[in-house]
Amino acid sequence: MDMNEIKEIFFQECEEQLAELESGLLKMNDGDRDPETVNAVFRAVHSIKGGAGAFGLDDLVAFAHVFETTLDCVRSNKLEPTQDVLKVMLKAADVLADLTNAARDGGSVDPARSRGLVKELEALANGDVPAPSAAVVAEVAPKSVAAAPTDESGFQPIPFSFDDDFGSDELAVDARPEYEVSFKPRSDLYAKGNDATLLLRDLSRLGEMNIFCDMDALPGLPDIDPEGAYFKWAISIKTDKGEDAIRTVFEFAEWDCDLDVQPAASGGSSTSEELPMVPVPFDLSILDNDGAAAAAEAGKETPAPGNDVAAAVAAAETASNVTQLASAAARVEKKEAALAAAAASNAAAAQNNAAAAAGQTIRVDLDRVDRLINLVGELVINQAMLSQSVIENDNNGASSINMGLEELQQLTREIQDSVMAIRAQPVKPVFQRMSRIVREIADMTGKSIRLITEGENTEVDKTVIDKLAEPLTHMIRNAVDHGIETPEKRSTLGKNPEGTVRLTAKHRSGRILIELADDGAGINRERVRQKAIDNDLIAADANLSDEEIDNLIFLPGFSTADKISDISGRGVGMDVVKRSIQALGGRINITSRPGQGSVFTMSLPLTLAVLDGMVVTVAGQTLVVPLTAIVETLQPEASAIHSFGANHRLISIRNSFCPLVDVGRILNFRATQANPVDGVALLVESEGGGQRALMVDAIQGQRQVVIKSLEANYTHVPGIAAATILGDGRVALILDVDAVVGASRGQALKPEMSYAAAG
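Keep in mind that this is a model prediction, so the values were computed, not measured.

### Details of the packing of aromatic side chains
Piece 1. For the coordinates displayed, the defined rule picks out 6 aromatic pairs.
Piece 2. The interplanar angle of 65 degrees and the centroid separation of 6.5 Å between the aromatic rings of F63 and F67 together place this pair among those described as edge-to-face. Here F67 and F63 lie together in helix α3 (residues 58–75), a separation of 4 residues that amounts to about one turn.
Piece 3. For F63, a relative accessible area of 4% gives the class buried.
Piece 4. Above the plane of the ring of F42 lies R75, whose end atom (NZ or CZ) is 3.7 Å from the centre.

Right, here's the structure in full:
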C-alpha cells in the first residue's frame, strides 16, 4: 500500500470522525452532558489532528490543536458548554471540515475565517466565558489550601501540602487494584500532534496516581535533538476501572510509544524496593498553561520534606509541565530491562488485537460493489432466460430440471438481496450535513432556527443517498429563507421566536419517504400566483387549484424573492429539487397551511437496481407494474362498470366506486378505450392521488426485474419510469404509476413521445 492509498484511508476516516464530532456537538447543544459524549467529541478532533500531523498538514493540525484545547477545557469542567459556547464550536467543526476537504482536494480555506474562529476558541479556553473551574479543582484536590490572591503582575501561586499523612499507613490501605505503567513516548508521538500532558491528565482521572520521571536519556544541551523524545515515565495508579481503561487512554498513541501496563505486585514491597517513589498530591491544574508556572513557584515557596521534592518539581517543569514528580534520583537498571521486555510483548499483543478488530469491517471501493451488483443483475436476467427456455420446451412441470431452476431462482434472489444490503446505507450522513446549512443560512438571515432530525438510521441505496444532498440543500434553504419568519414577527404572531425545521425519513410500501416540515408562514398562494403571472409563467385568467398554485414554485425561473442574494432570488432552487427527484424515479408533494407552515414530501425508491413487478400486457405491449403500488387484482364484471361523463368510467369494488383508467389509452397504445370486461383491473394506490383501477389486457406473472435507465439510454418518456430485460430477451417498460394516475385526472401525457418510446 503506497502513501496515497494510506492518505485516502485517512480522509475516509476523517469523514467518520467529522460526522461523530457534529453528532456529539448537536447532542450537547440539546442538553446532553454525558461525559462519554464530550469524550467522543474530543477523540474525534484528536484523531484528526494526529493523522494530519503524520501527513504534514500543518494548517489542519494547528486549527485542530486549538479546537482540541478548548474541548479539553469542557472535558475538565473548566468551561461550561452553554449555547453560545457550542455555537462557536459548531462553527469550528465546519471550519475543520473545510480544512479537511481542502487538504484532500488541494483547495484553500479563507484565512480570515479560520483566524477569527481560532481567536474565539482561544478566548473560550482562557476563561472569557464563566466556568465552574474552581469547584472542579476543589473536587480533584480537596486537600489543597485556598488559592492566594492574585498580585499586581497577575501571578497567582498554587500552594501544595506535603503532609506526613501521605506516607502514613492509612493512605496505603486502599481496596482498589494497583497497576504499574511504563510510558516512553517516541518522537513520532509529538510529530503527529499528540501531547503527553493530555495523556497523563486523562490517566490521572482514573484514580490515585504517583509518577516517576526517568531523565537518564536526556543528553547535554549541545546534543539535544529538538524533535527528539528523551523522557520516560513510571506510573503507579490505583483504580477500579481495570487495565482496559488504562490502555484506552493511550489508544491513539500506542503505536508511537513504548507502553507497558502490569498489575502491581501484591503487598507492594518489591515495587518500592525497585523504584522508590515519593507520593505527591496530583493537582490537574498544573497541567494547564496558566497553572504550570504557579505550580513551580509554589514548589519553591512551600516547605517540602527534603530536596528530592524540589528536584521533582523542576523535572516536571522541564518535561513541558507534564506532571509533578517525586524523587528524581532513584534509577534501577534491571527494572528498565524488564519494562522493555514487557513493552515489546505488550506491543505484539496489541497488534494482534488490533488486527482482530480490523477484521470485523473492511473498506471496499464503491466501484467494486457496483460491478458486483451489475453482475448479479446479469445473473438474474440469465436465470430468467433459462427458466423461460425450459418452460417453453418442457411440458412436464414436475421435471428435475424445473425443480433445479426453482432452487436456482431462490439462490439468485438471496444473492441479490445480500448484495443490495451491502450498498444500503443510513441517511444519517446526509441529514447531518443539513445541520451546517441551517446554521449558516440562519446566521445570514438573522433568524433563530432549530433543526430536528428523525429516522436517521433509515437505510436506502448508496446511489440514492449520493443524489439526495443537492435537493435537500435547496429545500432547507427555501424553508429557512422563505418559510420561517424573523424572531420579531414570530413573537408578534404568538409563536416561539425560534423556528423549527423537521427532517424525517421512514420506509413505506417499498419506498423511502423523506419529509421536510417547517412551522413558518406557509405558502402565500396569492403572492405565488401573482409572481407567476408577472413572469409570464401562467395566464392571468388561469383557474388553478391550491395544489396547482403550490406546484408553481417548481417552475424554472420562479422565485418570490424581491431581490437576488447569496441565498435566493434566481429561481433555480426548487426547479433543481423537482428535476433531481424525478431523475431518481421519485416524486415530491407539497402540503401547506397559511400561518402554520409547509410540508414537502419526497417519495423515492429504495434502490435504483431492482424491483419486484407484475408483468402485464397492454395492446400488445409488455409492461411491468411495480408490485409495491398494487393493492389487489380483480376481474371486472359488466354489472360493476359505470359510466361517468363522456369519457370516464367507474368500477364498483365492495360498495365503493373507484375510477377506471385504461393504461393503453393513456399511453396512446390504442385510439379507443377497451372493454373492461375483457381485461384485468389492477387496484393501485399512488402518492397523493388516491386509489385507481388500472385496466390491462392480461397478467403474465410476477417477477423480479433489473432496472435499466431509460433516460441514460434514450430519453425521458412520460408515463414510463424505466425499462428492463425480460427472460426471453425482450425489453419491457416499467410503468410510472403516479404519472398515469395524474394523467387520468387531466394532466395529459405528451402523445408524440409515448408511443414512440414504447415501440
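We are not done yet, so read on.
### Considerations on the pattern of salt bridges
Piece 1. What the rule picks out here adds up to 30 salt bridges.
Piece 2. A salt bridge links E15 to R104, with the shortest nitrogen-to-oxygen separation between them at 2.8 Å. You can see E15 sitting in helix α1 (residues 3–29) and its partner R104 sitting in helix α4 (residues 83–105), a full 89 residues away along the chain.
Piece 3. For R104, a relative accessible area of 29% gives the class partly exposed.
Piece 4. Note that K708 and E378 form a salt bridge whose closest N and O atoms lie 3.7 Å from each other. Note that K708 is positioned in the loop between β20 (698–706) and α25 (710–713) and E378 in helix α15 (residues 366–393), a separation of 330 residues in sequence.
Piece 5. A residue is classified by how much of its surface remains accessible, and K708, at 30% relative accessible area, is partly exposed.
Piece 6. Here the salt bridges do not stand alone but share partners, grouping E22, D94, D98, R113, R436, R439 and E440 into one network.

### Considerations on a nonpolar patch on the surface
Piece 1. Residues L218, L221 and I224 make up a contiguous nonpolar surface patch of roughly 270 Å² in combined accessible area.
Piece 2. Look at L221 and you get exposed, because its relative accessible area is 72%.

### Section: the nonpolar core
Piece 1. The biggest cluster of nonpolar side chains holds 45 residues, and the ones touching the most others in it are I476, I514 and I553.
Piece 2. Top element by residues in this core is helix α17 (residues 428–445). It accounts for 7 residues.
Piece 3. Once you skip the residues sitting within four places of it in the chain, I476 turns out to touch M434, I437, V438, L451, V501 and L516.

### A word on the packing of α3 against helix α5 (residues 111–125)
Piece 1. Interaxial distance between α3 and α5 falls to 9 Å at its minimum, and their mutual angle equals 25 degrees. Taken as axis vectors, α3 and α5 run roughly parallel relative to one another. Our pair here, α3 against α5, has a crossing hand that is left-handed. Across from F63, V66, F67, T69, T70 and C73 in α3, the residues of α5 making contact are S114, L117, V118, L121, E122, L124 and A125.
Piece 2. Here the contact of α3 with α5 is built from residues that sort into 9 nonpolar, 3 polar and 1 charged.

Reading the values: rules and limits
Each residue is numbered by its place in its chain's sequence as written, counting from 1. Only residues with pLDDT of at least 70 get local features here, since the model is predicted, and only at 80 or more are side-chain atom pairs given and counted; chain-wide, interface and lining totals rely on the full set of residues. By convention in this description, side-chain values take in all heavy atoms of the structure and omit both hydrogens and water. The aromatic pairing rule takes the rings of Phe, Tyr and Trp, using the six-membered ring of Trp, and pairs them if the centres are within 6.5 Å, calling planes under 30 degrees apart stacked, those over 60 edge-to-face and the rest tilted. The numbering of helices and of strands both runs from the N terminus, where a helix is a DSSP run of H or I of at least 4 residues and a strand a run of E of at least 2. Categorising residues by exposure relies on relative accessible area from a 1.4 Å probe, with only protein chains included: less than 20% of the type maximum marks a residue as buried, more than 50% marks it as exposed, and the intermediate range marks it as partly exposed. Look at NZ for Lys and CZ for Arg. If either is within 6 Å of the ring centre and within 35 degrees of the ring normal, a charge sits over the ring. A pairing counts as a salt bridge when a side-chain nitrogen of Lys or Arg comes within 4 Å of a carboxyl oxygen of Asp or Glu. The patches reported here contain residues having more than 30% relative accessible area and no salt bridge. Joining distances are 9 Å for like charges and 5 Å for nonpolar side chains (Val, Leu, Ile, Met, Phe, Trp, Tyr). Here the Shrake-Rupley method, with its probe set to 1.4 Å, supplies the accessible areas, and only the displayed protein chains count as covering residues. Remark: nonpolar core denotes a set of buried residues (Ala, Val, Leu, Ile, Met, Phe, Trp, Tyr, Cys) joined through side-chain atoms within 4.5 Å. Here a residue-residue contact requires only that any non-hydrogen atoms of the pair lie within 4.5 Å. For every element, the axis is a line fit to its C-alpha atoms; helices are fit only across the contacting stretch, and the angle between N-to-C directions ranges from 0 to 180 degrees. Geometric relationships in this document are graded by angle, where less than 35 degrees denotes roughly parallel, more than 145 denotes roughly antiparallel, 65 to 115 denotes roughly perpendicular, and other angles denote oblique. Helix crossings fall into two classes, left-handed where the near helix is turned counterclockwise from the far one by less than a right angle and right-handed where it is turned clockwise. Gly is placed with the polar residues, together with every amino acid not listed as nonpolar (Ala, Val, Leu, Ile, Met, Phe, Trp, Tyr, Cys and Pro) or charged (Asp, Glu, Lys and Arg).

Geometry only, nothing functional implied.
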